[in-house]
Amino acid sequence: MSAAVGTSSASEVQERTITVWQDRVRIRVLSKGRGPSLVFFHGPWGLTWDPFLDELAQHFTVHAPEHPGTTPDAHDDVYHLDGLWDLVLCYDELMTALGIKSAVMVGHSFGGMVACELAAAYPDRTRRQALIAPLGFWRDPDRIVNWMMLEPGELRRHIFRDPECDAARQMFPRSDGHEAGAAAARVRMVWAMGTTGKFIWPIPDKGLKKRIHRVASPTLLVWGGEDRLISPVYAEEFAGRLRDARVQIVGDAGHAPHLEQPATVARVVREFLSQ
Amino acid sequence: MKISAFHLMPYRELPEDFEKRYESVWVTPPWWELADARRVGQYYNWTLDELTYAAKCGFDGVCTNEHHQNAYGFMPSPNLMGSVLARATNGTDVAIVQMGATLPTSNPPLRVAEEYAMLDCISGGRLVAGLPLGSPMDVNLCYGITPMEHRERYREAFALTLKAWQAREVFAWNGRYCQLATVNLWPRPIQQPHPPIWVPGSGSVSTFDFAVEHDVCYCFLSYSGARSAKTMMDAYWRVVAEKGRDLNPYRAGFLQLVVVAESDARAEEKFARHVEYFYHKCLHVPAMWFSPPGNQDYRSLVASMANPVRRAENPKNLRYRDFVDKGYVIAGSPATVRDRLKEEVIKGLHVGNLMVLLQIGSMPHELALENIELFGREVLPGLRPVWDDEGWVNHWWPERLRQRAQPSMAAAAGGA
């Protein structure tokens, strides 16, 4: 394993790239804050440092890795991984490289599933976890919308309760006058969906139901009350299978409550993780 | 020149308002609302009759292809159709062109090698082995293959297929996507070292590279004619030249929709509504479905976002005359059709293996037979010699059929 370190002075977010998996997979990690370690796993649309992470960084040392393939200039590294098991092992190696024996974990959507898989594979690594609208299960009556096949406008309406909110505008920049910028944003998003989609296509149930009993840590499930991508009924699916779980439904939020209601979600997550 | 009759096997009686009422003709069209199994049985038999009739009318080959959950073409197993055709055309010089069984969705992909070997044996060495990558709708959406693995799975399966046909010893295949400890194909194809291979594509640059590197025939299966294909096919020929291959026109195949009648006006009367049915209903698929995230590699994704191919016009806004003017369909009298095919398609794209779609959309059986018969009688003979004076050898055609100069059977009178 090797690491390259850099800092971004504007936001005080430290940036380093750690190489795992026989030096074949480069993962950039954004870090900020002080206090106990918190690892954040992002969703299917790529990692952006946001107000929610800033809020958590006031109480924790937040480490946010990019899923394999989503790190700039390391797009093809994801081809070295064959499936979810490889991905979980990569993250185990990454934790070791970060010097983290155990930490509190937070994950959103696909990242929530990754956090939960990691907690099932290595129960001692995760002290507490907060999962925000995680993937991982499938209920026939409550089909999860395949976000990868939605037109950008539709996708935006499925991620956000209010598709005109600031976070939505940031994730889907307008093209007016900045065609190149908008195209780059679209490339980044499509590639992030493709690389994360590699581990869950065509149905995001990859056997967590067989493994979730191994999770030892208390778990908070945070769900937007108006999640149009993954119905909030899945919160009960998780809670019913975990030994120690609590559900928090967030009003006025869709599939990204931490982006639509960052202060509220950061508060409940921080309070839960600090217990 | 080799000219084959292609068939999609469409549902011929979709409702008038199909494209307004339903999301897509592919993946999600509701069977119970739209289709009837007895009627479909009739369609399969008509399809086989139409292709068998084409064989009798002097065509060089008959083509079937694979699609899934698709109301415009539902031969989920083209090899079932191909085996009927192989049997029905025994004793003739007609090639069985399978365009074909899709490797990434066959499990294990060895199954394709086996079935093609069967077809080659049944047909007496008349098989053309199409080895398509498969569309995202079929492979990713219907058959659940992860988009990011689609091309890798294809390449591995392609290599396995070639080795399985040719290996003299039993071998083990320890692949990334397929592990087989004892590969020992029964039967092997008659054609040695293996049947000619065609790789159909829809213009992806990585498929050009693959086709040229493996020295196979690249087939552009287009529904929008030669004019819109020109840039694409020019790019293909550039790759051929760059990689040091000769510009043998038989390295390229092209699919063209054709309707032919006694006169241009008569062609419009007979076929206009069937052509419009095809473009308005049969191609009704959400644009996003053609490119699931991960299906394109990163470099191709960046390239296509930076230089988006100008969005093709929406065929739903076009009518018969537009389709004809733009060359989506080549239509008219035998002379008109022959001249346009020769100039725009054969010479224009430098194509030696032409496929023509003669049963289009809602076209009824009798009309399809008329179209096939007239094409075979009045158009085909004038096109067959196009490349003869240049002396190219069609290495991508069954060897014993290459020299065929004229129809082996008299054009059948009296229908199929």
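Residues numbered from 1 in each chain as written. Chains lettered and ligands numbered in written order. Predicted model: local features only at pLDDT ≥ 70, side-chain atom pairs only at ≥ 80, totals over all residues.

1. So, the overall build of chain A
Formally: Numbered from the N terminus, helices here are DSSP runs of H or I no shorter than four residues, and strands are runs of E no shorter than two. As defined in this context, the radius of gyration uses C-alpha atoms, and a globule is described by 2.2 Å times the residue total to the power 0.38. Here the C-beta atoms are placed from the backbone, and a residue counts as buried if at least 20 other C-beta atoms lie within 10 Å of its own, exposed if 12 or fewer do, and partly exposed otherwise. Note on contacts: each residue gets a C-beta atom placed from the backbone, and two residues are in contact if those atoms are within 7 Å.
Along chain A, the regular secondary structure elements total ten helices and nine strands. Here the C-alpha atoms of chain A give a radius of gyration of 17 Å, agreeing with the 19 Å that 2.2 N^0.38 yields for 275 residues. Based on the C-alpha atoms only, the size of chain A along its principal axes is roughly 50 × 45 × 35 Å. Within chain A, buried positions represent 48% of all 275 residues. Relative to all contacts within chain A whose residues are 6 or more apart in sequence, the contacts with residues 24 or more apart total 69%.

2. Here we look at the overall build of chain B
Regarding its fold elements, chain B presents 14 helices and eleven strands. In terms of overall dimensions, chain B is globule-like: its C-alpha atoms have a radius of gyration of 20 Å, near the 22 Å expected for 416 residues. In terms of overall dimensions, chain B has a C-alpha envelope of 60 × 45 × 45 Å along the principal axes. The buried share of chain B, reckoned over its 416 residues, is 51%. Of the contacts made within chain B by residues no fewer than 6 positions apart, 79% connect residues no fewer than 24 positions apart.

3. Regarding unusual backbone geometry
Between Met 99 of chain B and Gly 100 of chain B the backbone carries a cis peptide bond, its omega angle lying at -5°. Take Gly 100 of chain B: it is sitting in the loop between β3 (95–98) and α5 (110–123). The omega torsion across Gln 192 of chain B and Pro 193 of chain B is 0°, close enough to zero to call that bond cis. Within the fold, Pro 193 of chain B resides in the loop between β6 (179–183) and β7 (197–201). Phi is positive for Trp 21 of chain A, close to 60°, though the residue is something other than glycine. Residue placement: Trp 21 of chain A occurs in the loop between β2 (13–20) and β3 (25–33). Its identity as a non-glycine residue notwithstanding, His 350 of chain B has a phi of 65°, on the positive side. Structurally, His 350 of chain B can be placed in the loop between α13 (334–349) and β11 (353–357).

4. Some words on the packing of helix α4 (residues 78–88) of chain B against α5 of chain B
Residue and element names in this part refer to chain B. The test is simple: Interaxial angles span 0 to 180 degrees and are taken between N-to-C directions of axes, which are lines fitted to C-alpha atoms, for helices over the stretch in contact. Angle categories are assigned with fixed cut-offs, so that under 35 degrees is roughly parallel, over 145 is roughly antiparallel, 65 to 115 is roughly perpendicular, and the rest are oblique. Should the near helix be turned counterclockwise from the far one by less than a right angle, the crossing is left-handed, whereas a clockwise turn marks it as right-handed. Amino acid classes used here: Ala, Val, Leu, Ile, Met, Phe, Trp, Tyr, Cys and Pro are nonpolar; Asp, Glu, Lys and Arg are charged; the rest, including Gly, are polar.
Across the interface, α4 lies against α5 with an axial gap of 9 Å and an inter-helix angle of 10°. By the angle between their directions, the pair α4 and α5 is classed as roughly parallel. You can see that α4 and α5 cross each other, and the crossing is left-handed. Facing Asn 79, Gly 82, Ser 83, Ala 86 and Arg 87 of α4, the residues of α5 in contact are Glu 115, Leu 119, Ile 122 and Ser 123. In the contact of α4 with α5, the residues fall into three nonpolar, four polar and two charged.

5. Quick word on the nonpolar core
So the rule is basically this: Any nonpolar core is a set of buried residues, restricted to Ala, Val, Leu, Ile, Met, Phe, Trp, Tyr and Cys, that join up through C-beta atoms within 7 Å.
In this structure, Ala 5, Val 62, Phe 254, Val 258, Val 259, Val 329 and Val 356 of chain B are the most contacted members of the largest nonpolar core, which totals 118 residues. Excluding residues that lie within four positions of it along the chain, Val 62 of chain B makes contacts with Ser 4, Ala 5, Leu 51, Ala 54, Ala 55, Leu 85, Val 94, Ile 96 and Val 97 of chain B. In terms of nonpolar packing, the next biggest core, distinct from the first, is built from 81 residues, Ile 18, Cys 90, Leu 94 and Leu 131 of chain A among them.

6. Thoughts on the interface of chain B and chain A
Contacts between the two partners involve 14 residues from chain B and, on the opposite side, 18 residues from chain A. Of the residues belonging to the side of chain B that touches chain A, the class tally is eleven nonpolar, three polar and no charged.

7. Topic: helix α10 (residues 264–282) of chain B
All names here are of chain B. Condition: Bend, in this description, refers to the angle at a residue between axes fitted to the seven residues ending there and the seven starting there.
The largest bend in α10 comes to about 55°, at Phe 271. Those residues of α10 lying buried are Ala 267, Phe 271, His 274, Val 275, Glu 276, Tyr 277, Phe 278, Tyr 279, Lys 281 and Cys 282. In this fold, the buried residues of α10 make contact with α1 (18–21), β9 (252–260), α12 (320–325) and β10 (329–332).

8. Points about the packing of helix α3 (residues 37–56) of chain B against helix α14 (residues 365–383) of chain B
Residues and elements named next belong to chain B. Taken N-terminus to C-terminus, the directions of α3 and α14 make an angle of 15°; their axes are 10 Å apart at the nearest point. Relative to α14, the element α3 lies roughly parallel. In this structure, α3 crosses over α14, and the sense of that crossing is right-handed. Mapping the contact onto sequence places Trp 46, Glu 50, Tyr 53 and Ala 54 in α3 and His 365, Ala 368, Leu 369, Ile 372 and Gly 376 in α14. Looking at the contact of α3 with α14 residue by residue, the class counts come to six nonpolar, two polar and one charged.

9. Comments concerning the pairing of β3 of chain B
All names here are of chain B. Worth spelling out the cut-off: Here the rule is simple: two strands pair whenever DSSP picks up at least two bridges between them. Every crossover in which the path from the first strand over the helix to the second runs clockwise, viewed with the strands pointing away from the viewer, is termed right-handed.
Along β3, one buried face is formed by Ala 95 and Val 97 and the opposite face, lined by Ile 96 and Gln 98, is buried too. As judged from the four bridges shared by strand β2 (residues 61–64) and β3, these two strands associate in the parallel manner. Residue pairing for β3: Thr 64 is matched across the bridge by Gln 98. Between β2 and its parallel partner β3, the chain crosses via α4, and the hand of that crossover is right-handed.

Everything listed is a geometric property; what it means functionally is a separate question.
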